Amino acid sequence: MAAAPATSINDIPDVILLNIFASISDTRTRNSVSLVSRKFLTLERGTRTSLILRGNARDLFMIPTCFRSVTHLDLSLLSPWGHSLLSSSDPLLLAYRLAVAFPLVTYLTVYARSPSSLQILLPKWPRLTRVNLIRWHQRPSLPHLGADFVPLFEHCQFLTSLDLSNFYYWTEDLPPVLQAYPHVSTSLTCLNLLTVSLTDGFKADEIRAITAACTNLTKFLVACMFDPSYLGFIGDDTLLAIAVNCPKLSLLHLVDTSSFGNTRSNPEDEGYSGEDAAVTAAGLIDFFGGLPLLEELVLGVCKNVRDTCVALEALNSRCPKLKVLMLEQFHGICMAIESQLDGIALCSGLKALSINKSADLTDMSLIEIGRGCCKLAKFEVEGCKKITIKGMRTMACLLHKTLVEVKISACKNLDAVASLQALEPVCHRIQTLHIDCIWRVPLQESEDGDVDVDVDDGYSISSKSKRIKYSDEGETCSFFMHNKTWDKLRFLSLWIGVGENLTPLPMAGLEDCPRLEEIRVRVEGDCRGWHKPSQRSFGLSCLVRYPCLSKMQLNCSDTIGFALTAPSGQMDLSLWERFFLNGIGSLNLIELDYWPPQDRDVNQRSLSLPGAGLLAECLALRKLFIHGTAHEHFMMFLLRIPNLRDVQLREDYYPAPENDMSTEMRVGSCSRFEDALNGRHILD
């Protein structure tokens with residue numbers, strides 16, 4: 001009797017295989033699966049709906065033609081990055097080839113340095129519904145206001161979503177175009193005007209005009225100005241106009257432009273600004289009453305909003321679907337009188353809460369929030385001077401079943417050790433964490449593994465048991481750290497001041513993070529008053545203890561120094577860059593985003609010779625984004641990395657340098673490096 005033929009995965013019907021491939025979202029996984037067989041390759045390419053196109057716009061023959069089902073196409077990373085998309089080849093031919101290769105595009109992301117790019121590209125995809133425009137260069141001289149957006153509104157009659165968060169323009173450009181094309185404006189449901197490069201934000205009359213034109217918005221994000229000392233400030237009347245014009249809103253972000261800076265709040269700040277906003281509790285109650293469908297609300301006011309307890313109680317009753325809330329400069333959000341819940345603690349449906357610069361937030365307030373907002377999965381607190389380890393730890397205990405994401409920043413009484421101790425009850429659940437690397441206690445590890453600590457500011461750590469004592473106003477609490485494991489921590493974000501060292505981080509309580517995959521380190525400070533650091537390196541090598549760490553964002557963009565010539569006794573940025581990057585080669589990184597230090601006086605953020613040499617030591621890298629400029633011969637150092645496939649220079653800061661003929665940015669330099677990079681034989 002003949003044996004039955006063996007059954008393989010190729011015997012599964014194509015319909016089932018198509019559903020399996022469509023459920024895979026990770027790009028690397030899809031690419032790996034496509035290498036199994038020609039059948040798998042065809043099925044994978046046929047089910048790919050999202051694609052980020054890389055490469056040089058001059059190489060028309062390299063445009064892939066097998067991704068016929070792509071609906072989301074990102075052209076913003078085509079090189080040379082930041083140049084006009086259609087300037088390096090025949091613009092009509094490039095637009096035609098893209099349209100033929102990707103006929104079903106409905107969501108387009110593109111770097112639109114000039115309106116001509118949109119004028120040529122957009123007619124090729126008449127069914128576009130979502131557009132994301134990017135531009136970090138200065139706005140070109142245009143014949144009339146809104147010329148940047150006219151091609152978009154002329155050719156995209158089905159537009160429902162417009163994202164301008166990374167597109168520099170003038171605020172007065174947008175309202176006239178929205179009013180001139182009412183059919184498109186009323187079809188918009190998502191409008192993102194949270195443009196980080198704006199200095200003044202949208203004025204009150206502009207916001208009224210925008211919301212009056214876009215009456216069907218469900219998502220609205222806008223940069224504005226709450227300072228009453230300026231013309232066009234946002235007050236109660238504007239808030240009420242938003243609610244009246246757009247009652248269907250489910251997501252609303254109103255953020256003052258002064259909060260766009262990446263700089264950390266001053267922990268010594270009392271939390272009160274110099275002036276009060278023209279936003280009152282009574283105005284907020286009326287505002288909330290007009291938005292019954294609201295699910296996510298961000299109010300980054302940056303001016304005092306006082307006595308908000310009653311208004312936040314109304315928020316709970318008038319916006320019953322609210323899940324995400326972020327408040328900045330709101331005071332009196334929770335009175336915490338006796339054991340009765342009030343204020344924000346009554347918003348029991350919240351799953352994410354962020355509190356920034358609330359001057360009267362206390363430990364009792366945190367406890368009340370933990371009791372009332374019992375579904376919180378994400379909690380962020382920044383710039384709150386009165387909270388301590390006791391309140392934060394008690395809140396963590398109350399939320400031990402739900403809390404998975406925490407940020408603690410610029411809180412005077414919560415340095416790195418205190419923050420990690422406060423989160424000890426939930427350390428086995430936390431997946432995303434941000435803390436400030438403030439070492440009030442000098443941590444030093446001896447040769448036999450003991451931890452020696454100088455007693456200061458009420459902390460004491462002793463011996464291998466790692467017994468930490470904390471004293472506050474005569475009371476002493478002891479916590480024992482029995483090598484707590486952060487089992488589920490996958491993303492770690494750190495802030496550290498310039499001149500400080502990262503080495504004490506593991507000893508502060510993050511020794512065992514077996515699943516940590518990604519880390520972001522932001523270094524901030526002015527180097528111009530510093531002499532040479534006492535340590536040889538910043539301390540990145542201490543991260544080698546995390547076995548799964550493969551992605552890093554090292555952001556030194558807020559580190560300011562001398563780009564060219566430093567005074568006697570001080571270091572220029574190239575030596576600081578050597579200090580920051582020393583030891584990065586010991587990490588097994590696959591992806592790295594790096595923001596070099598900058599000299600703001602000359603608008604220069606450039607990779608130095610020591611920086612290029614140290615980055616070349618990261619032998620496992622496959623993807624490297626340098627958010628700045630670099631000389632061509634420095635970039636050639638990176639060819640030493642054997643499997644490096646994706647490298648890009650991105651000047652994604654405003655204003656992006658305009659001098660495209662320098663050796664750091666010219667098209668020829670980028671093209672020669674790309675040719676050398678792509679000409680190598682890479683095994684995978």
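For every chain, the first residue of the written sequence is number 1, and numbering continues from 1 along that sequence. It should be noted that, the model being predicted, local features are given only for residues of pLDDT at least 70 and side-chain atom pairs only at 80 or more, the latter also being counted only at that level, while totals for whole chains, interfaces and linings use all residues. The side-chain figures draw on all heavy atoms in the structure; neither hydrogens nor water molecules are used.

Trainee: For this particular structure, what's the right way to read helix α9 (residues 204-213)?
Mentor: Structural remark: α-helix, 3.6 residues per turn; residues separated by three or four positions point the same way. The buried count for α9 comes to seven of 10 residues, which makes it a mostly enclosed element. Turning to α9, its buried residues number three or more, namely Ala204, Glu206, Ile207, Ala209, Ile210, Thr211 and Ala213. Residue contacts follow a heavy-atom distance rule, with two residues in contact if any of their heavy atoms lie within 4.5 Å. In this text, helices come from DSSP runs of H or I with a minimum length of four residues, and strands from runs of E with a minimum of two, each type numbered from the N-terminal end. Packed against the buried residues of α9 are α7 (174-180), α8 (182-187), β6 (190-193), β7 (219-224) and α10 (236-245). Exposed residues in this analysis have more than 50% of their type's maximum accessible area, buried residues have under 20%, and partly exposed residues fall in between, with area computed by a 1.4 Å probe over protein chains only.

Trainee: Hey, could you run me through the state of the cysteines in this one?
Mentor: The term disulfide refers to a covalent linkage connecting the sulfur atoms of a pair of cysteines. Our working definition of a disulfide is a cysteine sulfur pair at a distance within 2.5 Å. If you walk through the whole model with that rule in mind, you get zero disulfides. With no disulfide of its own, Cys411 lies closest to Cys384 among cysteine sulfurs, the gap being 5.2 Å. Classification of Cys411 by relative accessible area gives buried; the value is 4%. Note on Cys437: no disulfide assigned, nearest cysteine sulfur contributed by Cys542 at a separation of 8.7 Å.

Trainee: Looking at this structure, how should I read unusual backbone geometry?
Mentor: Peptide bonds are trans in most cases, and residues, glycine excluded, mostly fall at negative phi. Following Ser79, the chain continues to Pro80 via a peptide bond in cis, the omega torsion being -10°. Position of Pro80 among the secondary structure elements: in the loop between β2 (72-74) and α4 (91-101). Phi at Cys302 takes a positive value of approximately 65°, unusual for a residue other than glycine. By the element assignment, Cys302 lies in strand β9 (residues 296-305). Note on Cys302: relative accessible area 12%, which makes it buried. Even without being glycine, Ala410 reaches a positive phi, approximately 55°.

Trainee: How should I be thinking about the packing of α10 against helix α11 (residues 281-289) in this particular structure?
Mentor: Helices that pack against each other are described as a pair by the angle of their axes relative to one another and the distance between those axes. Where α10 meets α11, the axes come as close as 8 Å, and the angle between the chain directions of the two elements is 5°. If you check the angle between α10 and α11, you find them roughly parallel. Seen from α10, the contacting residues are Asp236, Leu239, Leu240 and Ala243; seen from α11, they are Gly283, Leu284, Asp286 and Phe287. Basically, the charged four are Asp, Glu, Lys and Arg, the nonpolar ten are Ala, Val, Leu, Ile, Met, Phe, Trp, Tyr, Cys and Pro, and anything else, Gly included, counts as polar. For the contact of α10 with α11, the per-class residue count stands at five nonpolar, one polar and two charged. Angles here are taken between N-to-C directions and fall from 0 to 180 degrees, while the axes themselves are lines fitted to C-alpha atoms, restricted in helices to the stretch in contact. Each angle gets one of four labels, with under 35 degrees taken as roughly parallel, over 145 as roughly antiparallel, 65 to 115 as roughly perpendicular, and the rest as oblique.

Trainee: Is there a simple way to explain the environment of Arg622 in this structure?
Mentor: As for its placement among the helices and strands, Arg622 is situated in the loop between α17 (609-615) and β24 (623-626). Measuring from C-alpha to C-alpha, the distance between Arg622 and Cys556 comes to 21 Å, with 66 residues separating the pair along the chain.

Trainee: How should I be thinking about the environment of Ile120 in this particular structure?
Mentor: Take Ile120: it is sitting in helix α5 (residues 115-121). The partly exposed category is assigned to Ile120, whose relative accessible area is 22%.

Trainee: I tried to follow the nonpolar core on my own but got confused; where do I start?
Mentor: Grouped burial of nonpolar side chains is what soluble globular proteins tend to show. The definition of a nonpolar core used throughout is a set of buried Ala, Val, Leu, Ile, Met, Phe, Trp, Tyr and Cys residues joined through side-chain atoms within 4.5 Å. Membership of the largest hydrophobic core comes to 186 residues, with the highest contact counts inside it found for Phe102, Leu433, Leu510 and Leu543. By size, the runner-up hydrophobic cluster in this structure holds seven residues, among which are Leu77, Tyr111, Phe625 and Ala656.

Trainee: Hey, could you run me through the pairing of strand β22 (residues 551-560) in this one?
Mentor: In regular strands, side chains alternate between the two faces of the sheet. For β22, the buried fraction is high: nine of the 10 residues fall into the buried class. For two strands to be treated as a pair, DSSP must find at least two bridges joining them. Note that β22 and strand β23 (residues 591-595) share five bridges and pair parallel. Residue pairing across strands places Gln553 opposite Asp593, the latter belonging to β23. In this region the chain leaves β22, passes through helix α16 (residues 573-581) and returns to the parallel neighbour β23; the handedness of that crossover is right-handed. Place the viewer so that the strands point away; then a crossover is right-handed whenever the path from the first strand over the helix to the second strand goes clockwise.

Trainee: So what exactly am I meant to see when it comes to the pattern of salt bridges here?
Mentor: Two side chains bearing opposite charge may form a pair once their charged atoms approach each other closely. Whenever Lys or Arg places a side-chain nitrogen within 4 Å of a carboxyl oxygen from Asp or Glu, that contact is recorded as a salt bridge. Per the counting criterion, the structure on display carries 17 salt bridges. Across the pair Asp276 and Arg306 runs a salt bridge, and its minimum N-O distance is 3.1 Å. Of this pair, Asp276 sits in the loop between β8 (251-256) and α11 while Arg306 sits in the loop between β9 and α12 (309-318); the two residues are 30 residues apart in sequence, bridging distant segments of the chain. The exposure class of Asp276 is partly exposed, given its relative accessible area of 37%. In this structure, the salt-bridge partner of Arg600 is Asp558, at a minimum N-O distance of 3.2 Å. One end of the pair, Arg600, is in the loop between β23 and α17; the other, Asp558, is in strand β22, and 42 residues separate them in sequence. Given a relative accessible area of 44%, Arg600 falls into the partly exposed group. In the salt-bridge network here, residues are joined through shared partners; they are Arg522, Glu524, Asp558 and Arg600.

Trainee: Mind showing me how you'd approach the packing of aromatic side chains here?
Mentor: For any pair of aromatic rings, geometry is given as the distance between the ring centres together with the angle between the planes. Aromatic rings from Phe, Tyr and Trp, taking only the six-membered ring of Trp, are treated as a pair when their centres fall within 6.5 Å; an angle between ring planes under 30 degrees marks them as stacked, one over 60 as edge-to-face, and anything in between as tilted. Across all of its chains, the model carries 13 aromatic pairs by this definition. By the ring-pair criterion, three or more aromatic residues cluster together here, those being Phe149, Phe167, Tyr169 and Phe202. In this scheme, the term charge over a ring applies when either NZ of a lysine or CZ of an arginine sits within 6 Å of the ring centre and within 35 degrees of the ring normal. One cation-aromatic arrangement involves Arg127 over Phe158; the distance from NZ or CZ to the ring centre is 4.2 Å. Above the face of the Trp170 ring, Arg139 is positioned so that its terminal group lies 3.7 Å from the ring centre.

Trainee: Would you mind going over a positive patch on the surface with me for this structure?
Mentor: A contiguous patch of positive charge on the surface is contributed by Lys321, Lys323, Lys351 and Lys375. Secondary-structure assignment places Lys351 in the loop between β10 (324-330) and β11 (352-356). On the accessibility criterion, Lys351 (45% relative accessible area) is partly exposed. Residues enter patches when their relative accessible area tops 30% and they take part in no salt bridge; the joining distance is 9 Å for like charges and 5 Å for the nonpolar side chains Val, Leu, Ile, Met, Phe, Trp and Tyr. Accessible surface is estimated by sampling points in the Shrake-Rupley manner with a 1.4 Å probe; for residues, cover comes only from the protein chains shown. Only four residue types enter the charge count, namely Lys and Arg as positive and Asp and Glu as negative; His and the chain termini do not. Here the site of a charge means NZ on Lys, CZ on Arg, CG on Asp, or CD on Glu.

Trainee: What am I meant to see in the side chain of Asp148 here?
Mentor: Here Asp148 shows up in the loop between β4 (130-135) and α6 (150-155). In this structure Asp148 comes out as buried when scored by relative accessible area, which is 2%. A polar contact is formed between the side chain of Asp148 and the side chain of Arg135, at a distance of 2.8 Å. Polar contact criterion, stated in full: a pair of N or O atoms within 3.5 Å, where within protein one must be able to donate a hydrogen and the other to accept it, and residues adjacent in sequence count only if both atoms are side-chain atoms.

Trainee: When you look at a nonpolar patch on the surface in this model, what are you seeing that I'm missing?
Mentor: The grouping of Leu93, Tyr96 and Val100 at the surface amounts to a nonpolar patch, some 270 Å² of accessible area in total. Take Leu93: it is sitting in helix α4. Residue Leu93 is classed as partly exposed on the basis of its relative accessible area of 37%.

Trainee: Just checking my understanding: could you explain the pairing of strand β21 (residues 518-526) for this structure?
Mentor: Pairing geometry for strand β20 (residues 491-497) and β21, over seven bridges, is parallel. Within β21, the position partnered with Phe491 by the bridge is Glu518. By the bridge criterion, eight bridges tie β21 to β22 in an arrangement that is parallel. If you follow Glu524 over to β22, its bridge partner there is Asp558.

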